[in-house]
Every structure is written in C-alpha cells, then in structure tokens.
Amino acid sequence: MGKGLEEAVRAEEEERDDVVDGAVDFRGGTAVRSKTGSWRSAGLIIGVEVAERIAYYGIQGNMISYLTGPLRQSTATAAENINVWSGTASLLPLLGAFLADSFLGRYRTIILASLVYILGLGLLTLSAMLPSLSNSECQVDNELKSCSPPRSQVILLFISLYLVAIGQGGHKPCVQAFGADQFDEQHPKEHKDRSSFFNWWYFTMCAGCLATLSILNYIQDNLSWVLGFGIPCIAMILALLVFLLGTMTYRFNIQQQDERPFRRIGRVFVAAIRNRRIGRDGILPKQSSEQFEFLNKALLELKDKDSMEEESCSPSEVEEAKAVLRLVPIWASTLIYAVVFAQVPTFFTKQGVTLKRTILPGIDIPPASLQTLMTVAIVFFSPIYDRLFVPLARAITGKPSGITMLQRIGTGILISVSSIVVAALVETKRLKIAQESGLVDDAEAIVPMSIWWLVPQYLLFGMSEVFTMVGLQEFFYDQVPNELRSMGLALYLSIFGAGNFISSFLISVIEEVTGKEDSWFANNLNKAHLNYFYWLLAALSVMGLAFFTFFSKSYIYNNKGIRRQ
C-alpha cells in the first residue's frame, strides 16, 4: 500500500514537472515540457532566421553594385540610398516589437511580417525583369549612350525595398525573442540552454549564410539580377512554410492581464513630471535606488483639492522604468560602431570593384562576396571565444561568463577601430598605386593591386561582431523587463538603423562640402578620398569607445535572472 502511494506521488511530481508554467501550446492548453519548446522548436526557428538573413543580405550585400550599375546612380547617391534604406529596416523593428508585445503577439506578427516580406521580394524581382534594365543604351544626338531606367521602374524598386524593410521590422525582433521563449527560465537545464541560445543563433545564422551568399553574389554579378533577387524570395517562402509547420511544437507565453508594460513604464515618467515640484525629504520609500532620483517622485501620491487622490506608482514600477532609462547612454555610445558597420556593404564593396579580382582564368571574385569573410571570421572565432577565451577569462576574473556583457561589447568596438584603421591604410596604398600607374583619370581602370589586400579589414570586423553583436543581443534582451523582450531586441537593431542614418548624413554633408572640387566620394574612386572618410570614422570610433567605457563603469545591472555578472 505504501509503495503504491509512493509511486503515485512520484508520478504526480513528474507530471507536475512536465508542465511549463506561464506558457500554453498552440491549442491554448497546458504546455507539456516533453512535447513542446526547447531545442526542438528553437532549432526550427533558427532555420527560419537563416533563410531570412539569406534573403536580406542577398539584397543588401550587393545593392551598391545594382544601383551604380543598371540604375546608373552615382557612388555617393547609391551609398546614401542604401544607408537610408538599411537604417529604416533597422528602426522599424521598434514598431514591430511594439505591436507584438502590446497587441498581436510574436507568432502572429512573424506570419504577417513574412507575408509583407515575400510581397516586397516578389516586386523587387519583378522590377529587375522589366525590359528597360537590360536595354541600358539610348540614342542621343545620333550616338548610343548609356541612360537611366524609367522613373516608374525606379519607384517600383524602392517600393519593393521598403516593403522588405517593413517585413523585416516585424520579423527580426520577434523571431529571436520567440526562439528564446521556447526555453523555460524557471527550469535549470532549459535556463542554461537559453543562455547558449544567442551564441548558437548567431553562429548558425552566419554559417548558413556563408556559402549561399557567395553563390548569390556571383549570380547577381555574372548571370542575372532577376535570378539573384528571385532566390531570396523563394528562401522567404520556404522560411514561412517551415515556421508554420513547427506550430504544433511551439510554446506561447501567457499574456499578463495587468497593465501593459509600455503604459506602465510611461505612467512612471508622467507621474515623476507631475510630482516634480513636490518636496521629497522623509516621504520617499527607503528602498528606492538613488540613480535617476527624479523618477522616485513617481512614488508619491498626488493630492489635489479639485481632484480625487491618484494612486502612486509602485517601487517595482519605478525600478522598471529606471532599468529602461539606463539603456539610453549605452545605446547612444554604440552608434559609431553601427556607422562603421554601414560601410561594409557600400564603400568596402566599391573598393573591391577597382582591384584585381581574377582567381582563375575567366573567373573573377564578386566584390560583394568578400563580405563572407566576416562570416568566416565569426564561424572560426566563435568556438575559440566559447572554448578558449571564456575559460581563460573566467580563471582571471572569477565571473561565470569570463567578462561582463558590457566588457564584451567594448572589446568588439575596440577591434572595429583597428578594422577601419586598416581600411584607411589599404585605401591610401590603393590610391598611391593608381597614381603611380597613371590610372587616376580612368574611372574604369583596374588598379594593379590584389583584392586580397581587403581581407584583413573584413576579418577584423568579423571578429569584432563575435564580441559586440552577440553582446548587444544578450544585453538588450536580458536588461529590459520580461514583457518587453521583443522591444529589447528591437532596441539592439535600432542602433544599426540610427547608425545608417548617421552614415548617410555624414556622406551627404561631406559630399556637399567637398563635391564641387575634390570630392571624397567621386564616382571615379581613383580620384576620391575614401581614406579620409575612414580616418574620420576611426577618430569618431575612438571617441565613441571613450564614452561607452565611461557609461559602462556606472551601469547597474538589472538583477532578475540566475546568471549575474
């Protein structure tokens, strides 16, 4: 009798442990641990992200060649257009995350965003199919000269690009957050698995894109832009199908019925402003932190003779608002890293166009394919970071992760400074060789200098991504309130959106100042001064690193998880 009771109790405990608290399955029923979530679901979602990144980078990576080639745009104009588009694509996740966290949920947002994404890619492919791009010569004064495509075709191109940006705005922050949601942070093993999810996410995404993007850039440069844009469209269709097929295995977080997080945090700022004139001595709770003291006034109750007494904010709500506010200086001080990142698909690629690219008779390396060298660096260095660097740093610092999230980000920014310095030195050498070879006035000339000279700047920047990109993802996911994790990842993406806009602004201002006489971004790169621009970015990067270090030293981590640093 006692044995039977013991077995029944054990069976009940096992059944209870198999239930995931705070989550349901696709039918709205109890989420069973053995049948839902964890790596079975996260693996599918990572695969979806790989396909989406192939689609996005398959367009962005070589767009500078498309705009300056078939669309006949100047180098500066094309770079500005790409920066604005990329910036918009990286800022729109703020809107997508808001809609997902407040209204639609991540699952529905991903599906709707994927449909918009596919529509944009389909229209982009259609714009390349129109006959005017293949017939780029027109008759002027009895001579055949190259001419720009019709305005309507250019408009269709940019409509499709911004539909892609809208699609990514909903897709990008929600997919990663939804993948991390598949791990139960209250379960020891799954919590540990989730901590490694971000590393595997970035590693797998880069490894999956490596060979594909090399092939895609070759197709675009040497075979067909229609096929080069059509393949990303097919990739996104497959990604949506795979995501839908995994529906029965997903866990869906239960939405809390209390006040929505955006409204809750906003109420703290409103209350603090409303109570700003009220004295605080002796009436504020002692547990309120001293940082951002002005927000502590949200803890006060406002009594007015003409209105009813209003309820004050709770200490936990005030600390939640402070946690969000602490992210602002970190966000701002990493912007220059994003500005440097914006040069990779634009000016780094244009550098490669002017160099010797033949590796075998009749086979030239597409300039945009050198971007895969960053991926090579990430795939190669990520295991080294995880298996060698972290244990060594752990032995020195005593921290479980070796170094803190902010130290990891700062290390990557430092490496990016070396990348842009190397790019400036290589460009200076390229210009010197062009001058010595008498090629300065020949815009179409190939400078007698191997494209392999560009390898170090790509590899160094790829190495910086292992530190900064993954560090930023984990930092903004970990340090926001739990209900705002999509928004946290959107904040990370918005760094690169703002960085692209800053890059576009810098190019526009410099072009205005130097364009009439000695343009830094002349269409003839042998007459341009990209090296000056790179030195300017190097100086700004050093300043940005100094500000980041200053703010990092005073940052207070939001203690809410098992892992603390």
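Numbers given to residues run from 1 along each chain, matching the order in which its sequence is written. Restriction of local features to residues with pLDDT of at least 70 applies here, the model being predicted, together with a cutoff of 80 or more for giving and counting side-chain atom pairs; totals for whole chains, interfaces and linings are based on all residues. Calculated side-chain values reflect all of the structure's heavy atoms, with hydrogen atoms and water omitted.

Engineer: Please give an account of the overall build of the protein that cites residues and values.
Structural biologist: Secondary structure follows DSSP: runs of H or I at least 4 residues long count as helices, runs of E at least 2 residues long count as strands, and numbering of each begins at the N terminus. Of the regular secondary structure elements, the protein holds 18 helices and nine strands. Per-residue accessibility, obtained with a 1.4 Å probe over protein chains only, is compared with the maximum for each type, and a residue is labelled buried under 20%, exposed over 50%, and partly exposed between these values. Looking at the 565 residues of the protein, the share that counts as buried comes to 53%. In the form shown here, the protein has an accessible surface area of approximately 25900 Å², with 62% of it arising from carbon and sulfur atoms. What sets the accessible areas is the Shrake-Rupley method with a 1.4 Å probe; for residues, cover comes only from the shown protein chains.

Engineer: Got a sec to walk through the UniProt feature "transmembrane region" (unreviewed entry) in the protein? Specific residues and values, please.
Structural biologist: UniProt positions are given in the numbering used here, feature names are shortened, and annotations may be inferred rather than shown by experiment. Taking the numbering used here, the UniProt-annotated feature "transmembrane region" (unreviewed entry) corresponds to residues 110–130, 200–219, 225–246, 324–348, 368–385, 406–426, 489–510 and 532–556. A distance of 33 Å separates the end C-alpha atoms of residues 225–246, which is 95% helix and 0% strand.

Engineer: Can you lay out the pattern of salt bridges for me, pointing to particular residues and giving the numbers?
Structural biologist: Here, a salt bridge means any side-chain nitrogen of Lys or Arg that lies within 4 Å of a carboxyl oxygen of Asp or Glu. Evaluation of the coordinates by the stated rule reveals six salt bridges. Here Arg53 makes a salt bridge to Glu49, at a shortest N to O gap of 3.6 Å. You can see Arg53 and its partner Glu49 sitting in helix 2 (residues 38–60), four residues apart, about one turn around the helix. The two residues Arg53 and Glu49 agree in class, both being buried. For Glu52, the salt bridge identified is with Arg53, shortest N-O distance 2.7 Å. With a relative accessible area of 0%, Glu52 lands in the buried category.

Engineer: Describe the pairing of strand 9 (residues 447–450), and please don't skip the residues or the numbers.
Structural biologist: A one-sided burial pattern is seen for strand 9, the buried positions being Val447 and Met449 and the unburied ones Pro448 and Ser450. At least two bridges found by DSSP between two strands are what make those strands a pair. By the bridge criterion, two bridges tie strand 6 (residues 355–356) to strand 9 in an arrangement that is parallel. Its bridge partner lying in strand 9, Lys356 is registered against Ser450.

Engineer: Could you give an account of the packing of aromatic side chains, naming the residues involved and the relevant values?
Structural biologist: Classification of ring pairs rests on two measures: the distance between centres of Phe, Tyr or Trp rings, Trp counted by its six-membered ring, which must be within 6.5 Å, and the angle between planes, read as stacked under 30 degrees, edge-to-face over 60 and tilted in between. All told, the structure shown has 33 aromatic pairs when counted by the stated rule. For the ring pair Tyr66 and Trp225, a centre distance of 4.7 Å and an interplane angle of 55 degrees mean the geometry is tilted. Taken together, the residues span a long stretch of sequence, with Tyr66 in helix 3 (residues 63–68) and Trp225 in helix 9 (residues 225–245) at a distance of 159 residues. Judged by centre distance (5.6 Å) and plane angle (85 degrees), the ring pair of Phe389 and Phe467 falls under edge-to-face. Residue Phe389 is located in helix 14 (residues 372–397), and its partner Phe467 is located in helix 16 (residues 455–478); the two are separated by 78 residues in the primary sequence.

Engineer: Describe the confidence of the model for the protein, naming the residues involved and giving the relevant values.
Structural biologist: When the pLDDT values of the protein are averaged, the result is 79; 84% of them are 70 or greater. The element-level mean pLDDT for the protein is lowest in strand 3 (residues 137–140), coming to 50, with helix 18 (residues 530–553) highest at 94. Looking at any residue, its pLDDT shows the predictor's confidence there, from 0 to 100. Contacts are assigned to residue pairs with any non-hydrogen atoms lying within 4.5 Å of each other. Throughout residues 304–309 the model reports pLDDT below 50, and contacts reaching past four residues in sequence, or to other chains, amount to four contacts.

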